[in-house]
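# A structural walkthrough
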Amino acid sequence: MEEFTFFERITRVLSMFLSSSFFIALFIIGVITVIIFLVSNKIDKEKRPFLYIGIGFVYIIVAILVFIKYGSGIVLIGDAFIEKLFTVIYFPNIISYMCMLIISMLIMIYTILNKKYSSFFRLCNLLSCLIIGLLTILIIDSIVTADINIYEKVSIYSNTNTMILIQSSMGVFTIWLSMLIVNGIVNLITHRAFKKDDIYVDVDVTEVVPYTEQEYIDGYINYTKKKKYQEYLNEILK
């Protein structure tokens, strides 16, 4: 395979990019989008939604044109990605499995130390990680008992018990990670949907709650007594 220097690679990429008017058009659209977002604060707020809708419509058209032009290649890449994904899940190599263990440990430590999560959520993460750890110990026991050569993938998956244990642990990890992602998306959506800014309105209390003058005086006296009592307690507790 021919090797290229860094500048030769940049030159080759630029020549490939400039050889097609389609790529140039995509680049121009991207630059215009960046410029629009940079100056969007200077545009009238009432016109911004129409501007964003227009940009979205343009990108939808671009996506359709890209799919029409490169649809077959996109489908092939998607099939290859799905095939590789299932291969990693059901027939992982040592590096993939070790990465899975490290990610599991990091998730468990993060969720346990983070107090904002509920006890049930942290318990589920702890149990998932413990199940994966238990299956990993069983995998090691199976490899040692059957004297399996871990450097050969065929040797690992030729043993039925080892293959079932590995696939089970990867299955638990996949389900666990999927649930975490779904939970995160749901929390993000609900947080943004129900988030309300504090609204301060200048309201005449006398119009809302028509108290008498004596009731106002009594309320003020009670408030003053409570405040003095709280200050007295604070002095004692110092």
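Because the structure is predicted, anything quoted here is derived from the model rather than measured. (Residues numbered from 1 in each chain as written. Predicted model: local features only at pLDDT ≥ 70, side-chain atom pairs only at ≥ 80, totals over all residues. Heavy atoms only, no water.)

Along the protein, the regular secondary structure elements total 9 helices and 0 strands. Reading the helices (α) and strands (β) of the protein from amino to carboxyl end gives α-α-α-α-α-α-α-α-α. Relative to its full complement of 238 residues, the protein shows a buried share of 18%. A separation threshold of at least 6 residues defines the contact pool for the protein, and within that pool the share at least 24 residues apart is 55%. Of the roughly 19500 Å² that the protein leaves accessible, carbon and sulfur atoms contribute 70%. (Helix = DSSP H or I, 4+ residues; strand = E, 2+ residues; numbered from the N terminus. Buried < 20%, exposed > 50% of the residue type's maximum accessible area, 1.4 Å probe, protein only. Contact = heavy atoms within 4.5 Å. Areas by Shrake-Rupley, 256 points an atom, 1.4 Å probe, with all protein chains shown as cover.)

Here helix α2 (residues 21-39) is 19 residues long and its end C-alpha atoms lie 27 Å apart, about the 27 Å a rise of 1.5 Å per residue gives. Where the residues of α2 are buried, they touch α3 (48-90). (Expected span 1.5 Å × (residues − 1).)

Turning our eyes to something else, we now look at the nonpolar core. Within soluble globular proteins, side chains that are nonpolar tend to cluster in buried spots. One finds Tyr97, Met100, Ile132, Ile139, Ile166, Met170 and Trp176 to be the most contacted residues of the largest nonpolar core, which totals 21 residues. Counting residues per element, the ones that place at least two in this core are α4 (94-113), α5 (119-146), α6 (153-157) and α7 (160-194). Sequence-distant contacts of Met100, defined by excluding residues within four places in its chain, comprise Ile132, Ser169, Met170 and Phe173. (Core = buried A, V, L, I, M, F, W, Y, C linked by side-chain atoms within 4.5 Å.)

A contiguous nonpolar surface patch, about 730 Å² in accessible area, is contributed by Phe27, Ile28, Val31, Ile32, Val34, Ile35, Leu38 and Val39. Position of Phe27 among the secondary structure elements: in helix α2. Residue classification places Phe27 among the exposed residues on the basis of a relative accessible area of 51%. (Patch = residues over 30% accessible without salt bridge, like charges linked within 9 Å, V, L, I, M, F, W, Y side chains within 5 Å. Salt bridge = Lys/Arg side-chain N within 4 Å of Asp/Glu carboxyl O.)

Below, the discussion takes up the packing of helix α1 (residues 6-18) against α2. Interaxial distance between α1 and α2 falls to 6 Å at its minimum, and their mutual angle equals 95°. Relative to α2, the element α1 lies roughly perpendicular. Contacts between α1 and α2 involve Met16, Phe17 and Leu18 from the former and Phe23, Ile24 and Phe27 from the latter. Class assignment of the residues belonging to the contact of α1 with α2 gives a composition of 6 nonpolar, no polar and no charged. (Axes fitted to C-alpha atoms, helices over the stretch in contact; angles between N-to-C directions. Parallel < 35°, antiparallel > 145°, perpendicular 65-115°, else oblique. Nonpolar A, V, L, I, M, F, W, Y, C, P; charged D, E, K, R; others polar.)

The phi dihedral of Asp147 falls on the positive side, at around 55°, and the residue is not glycine. Within the fold, Asp147 resides in the loop between α5 and α6. For Asp147, a relative accessible area of 68% puts it in the exposed group.

What follows is about the packing of α4 against α5. Relative to each other, α4 and α5 sit at 150°, their axes nearing to 9 Å. Of the possible angle classes, the one that applies to α4 and α5 is roughly antiparallel. When you trace α4 past α5, the crossing you get is left-handed. Taking contact as the criterion, the partners of Tyr97, Met100, Leu101, Ser104, Met105, Met108, Thr111 and Ile112 in α4 are, on α5, Phe121, Arg122, Asn125, Leu126, Cys129, Ile132, Thr136 and Ile139. Counted by class, the contact of α4 with α5 contains 11 nonpolar, 4 polar and 1 charged residues. (Left-handed = near helix turned anticlockwise from the far one by under 90°.)

So, on to the side chain of Asn114. Here Asn114 lies in the loop between α4 and α5. For Asn114, a relative accessible area of 17% gives the class buried. For Asn114, the side chain forms a polar contact with the main-chain nitrogen of Lys116, separated by 3.2 Å. (Polar contact = N/O pair within 3.5 Å; in protein donor to acceptor, adjacent residues only side chain to side chain.)

Right, let's talk about the packing of aromatic side chains for a bit. For the structure shown, the criterion picks out 4 aromatic pairs. Relative to Phe121, the ring of Tyr117 has its centre 4.8 Å away and its plane inclined at 25°; by these criteria the two rings are stacked. Where Phe173 meets Trp176, the ring centres are 6.5 Å apart and the plane angle is 85°; that geometry is what we call edge-to-face. With a gap of 3 residues between them, Phe173 and Trp176 both fall in helix α7, about one helical turn apart. (Phe/Tyr/Trp six-rings, centres within 6.5 Å; stacked < 30°, edge-to-face > 60°.)

Another aspect to go through is the confidence of the model for the protein. Summary statistics for the protein give a mean pLDDT of 79 and a share of 80% for residues scoring 70 or more. Taking the mean pLDDT of every element in the protein, the minimum, 47, falls on helix α8 (residues 205-208) and the maximum, 89, on α5. Ignoring residues within four places in sequence, the model shows residues 196-201, a span with pLDDT below 50, making 0 contacts including any to other chains. Within the model, the stretch residues 203-208 combines pLDDT values under 50 with 3 contacts to residues more than four positions away or in other chains. (pLDDT = per-residue confidence, 0-100.)

Across its 28 residues, α5 extends 40 Å between first and last C-alpha, which sits within 8% of the 40 Å expected from 1.5 Å per residue. By the burial criterion, the buried members of α5 are Phe121, Arg122, Asn125, Ser128, Cys129, Ile132, Leu135, Thr136, Ile139, Ser142 and Ile143. Directly after α5, the chain includes Asp147, whose backbone phi takes a positive value near 55°.

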